[in-house]
Amino acid sequence: MTTRPRTNYEFARQQLRADILDGRLAPGAKLIQTELAARLELSTTPVREALQDLAREGLVLLDPHRGAFVRELSLAEVREIYELRILLEPMLLRQAAGGIGADLLVRAEELRRRMAEETDLSRWAELNRKFHATLLSPADGSRLAGIVAGLRDSATPFVALSLREPSQRADSNAEHAELLTLLRAGDLEAAAELTRRHLAATLRIIESN
């Protein structure tokens, strides 16, 4: 059973994010604050704050004249994001490798275990984002890390859309386990190549949908 977040803002953000990633709020749908607030049994203030946060994440578009809309996903945009990630994330992994110690691998393994057990698509996508961010965290503060973090956050809705089939999530979970095995063994080049293949496979799934 999922525990309700402590604040109304966190609850609104979690619910709206899940609705978007799971497709209950379709791309291009207009997001009317009063209607969303009534459905969630909240005031409009936490809903407005949640929409602003989701806009920063790239899931929502805020237009000062037309209001808020679920962001429509462009195949050209997702291709560009993933082509950049395929180039840059293996590079960042090599940069972070010196700081990937036992404690960090334990944290990443816990996230991997939770992903393997998670059936909710939006929560899986968020755990996936945290898993990769954890492994790359020793390079935080670098310009490359900032670029990759922005690309990874922009890719979150695409990740969710690409993994709606349980078999696809199972494949991704297996690749995460393999990545941790390679990092524990100190095989950085194989880990970097697996990262590249993992991202390329996700892109192929998105393009085929």
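These numbers were taken from a predicted model, which means no experiment stands behind them. (Residues numbered from 1 in each chain as written. Predicted model: local features only at pLDDT ≥ 70, side-chain atom pairs only at ≥ 80, totals over all residues. Heavy atoms only, no water.)

### A closer look at the overall build of the chain
The cut-off we apply is this: Secondary structure elements follow DSSP: runs of H or I of four or more residues count as helices, runs of E of two or more count as strands, with numbering from the N terminus. Think of it in three bands: with a 1.4 Å probe and only protein chains considered, a residue is buried below 20% of the maximum accessible area for its type, exposed above 50%, and partly exposed in between. The contact criterion used is simple: two residues touch if any of their non-hydrogen atoms lie within 4.5 Å. Methods summary: accessible areas were calculated by the Shrake-Rupley approach with a probe of 1.4 Å, and residue burial reflects only the protein chains presented. Under the counting rule used here, the positive set is Lys and Arg, the negative set is Asp and Glu, and His together with the chain ends is not counted. Here the site of a charge means NZ on Lys, CZ on Arg, CG on Asp, or CD on Glu.
A count of helices and strands for the chain gives nine helices and three strands. Each helix and strand of the chain, ordered N terminal to C terminal, gives the series α-β-α-α-β-β-α-α-α-α-α-α. Projecting the C-alpha coordinates of the chain onto the three principal axes gives extents of approximately 55 × 35 × 35 Å. Split into buried and exposed, the 209 residues of the chain put 45% on the buried side. A separation of at least 24 residues holds for 71% of the contacts in the chain among residues at least 6 apart in sequence. For the chain, the accessible surface area stands at approximately 10,900 Å², while carbon and sulfur atoms represent 51% of it. Counting 29 positive and 31 negative side-chain charges, the chain places the averaged centre of each group 2 Å from the other.

### Regarding the side chain of D53
Summarising the element assignment, D53 is placed in helix α3 (residues 44–57). When residues no more than four places from it in sequence are discounted, the contact partners of D53 are Y9 and R13.

### Observations regarding helix α1 (residues 8–21)
Going by this rule: What a helix is expected to span follows from its residue count: subtract one and scale by 1.5 Å.
Here α1 is 14 residues long and its end C-alpha atoms lie 20 Å apart, about the 20 Å a rise of 1.5 Å per residue gives. Listed in full, the buried residues belonging to α1 are F11, A12, L16, R17, A18, D19, I20 and L21. At the exit of α1 stands G23, carrying a positive phi of roughly 85°.

### Remarks on the sheet that holds strand β2 (residues 60–63)
By way of backbone hydrogen bonds, the strands of a sheet pair with one another, either parallel or antiparallel. Keep this limit in mind: Two strands form a pair only when DSSP identifies at least two bridges running between them. The axes used here are C-alpha line fits, helices contributing only the stretch in contact, and every angle between their N-to-C directions lies in the interval 0 to 180 degrees.
Read from one edge of the open sheet, three strands run β1-β3-β2, paired in antiparallel fashion. The sheet is open, and its two borders are formed by β1 (30–31) and β2, each paired with just one other strand. Its contacts with the sheet place α3 against β1, β2 and β3 (67–70), and it is angled at close to 110° to β2.

### Describing the nonpolar core
Here is the rule: Note on terminology: a nonpolar core comprises buried Ala, Val, Leu, Ile, Met, Phe, Trp, Tyr and Cys residues joined through side-chain atoms within 4.5 Å.
The biggest cluster of nonpolar side chains holds 38 residues, and the ones touching the most others in it are Y82, L92, F131, L135, F158, L179 and L183. Contributions of two or more residues to this core are made by α4 (75–96), α5 (102–117), α6 (121–136), α7 (143–162), α8 (166–185) and α9 (188–208). Here this core takes eight residues from α4, the largest share from any one element. When residues no more than four places from it in sequence are discounted, the contact partners of L135 are A96, I100, L104, L105, A108, L179, L180 and L183. The next biggest cluster of nonpolar side chains, apart from the first, holds 20 residues, and it includes L31, L42, V60 and A68.

### Here's the deal with the pairing of β3
Examined bridge by bridge, β1 and β3 share two bridges and lie antiparallel to one another. Paired with K30 across the two strands is F69, which belongs to β3. Across four bridges, the pairing between β2 and β3 is antiparallel. In the sheet register, V60 faces β3, and the bridge partner there is V70. Where β2 folds back on β3, the antiparallel hairpin that results is connected by three residues.

### Looking at the packing of α5 against α8
Here is the rule: Each angle receives one of four descriptions, namely roughly parallel if under 35 degrees, roughly antiparallel if over 145, roughly perpendicular if within 65 to 115, and oblique otherwise. Take the far helix as your reference; a near helix turned counterclockwise from it by less than a right angle gives a left-handed crossing, and one turned clockwise gives a right-handed crossing. Side-chain classes are defined by residue name, with Ala, Val, Leu, Ile, Met, Phe, Trp, Tyr, Cys and Pro counting as nonpolar, Asp, Glu, Lys and Arg as charged, and the others, Gly among them, as polar.
It is at 10 Å that the axes of α5 and α8 come closest, and there the two elements cross at 165°. The angle between the axes of α5 and α8 places the two elements in the roughly antiparallel class. Relative to α8, α5 is oriented so that their crossing is left-handed. Here L105, A108, E109, R112, M115 and A116 of α5 lie close against α8, whose contacting residues are N173, H176, A177, L180, L183 and R184. Residue classes in the contact of α5 with α8 are distributed as seven nonpolar, two polar and three charged.

### Re the environment of D63
The test is simple: For the purposes of these results, a polar contact is taken to be a pair of N or O atoms within 3.5 Å, where, inside protein, one atom must be able to donate a hydrogen and its partner to accept one; residues adjacent in sequence count only when each atom of the pair is a side-chain atom.
Locating D63 in the fold gives a position in strand β2. Of note is the side chain of D63, whose polar atom sits 2.7 Å from the backbone nitrogen of H65.

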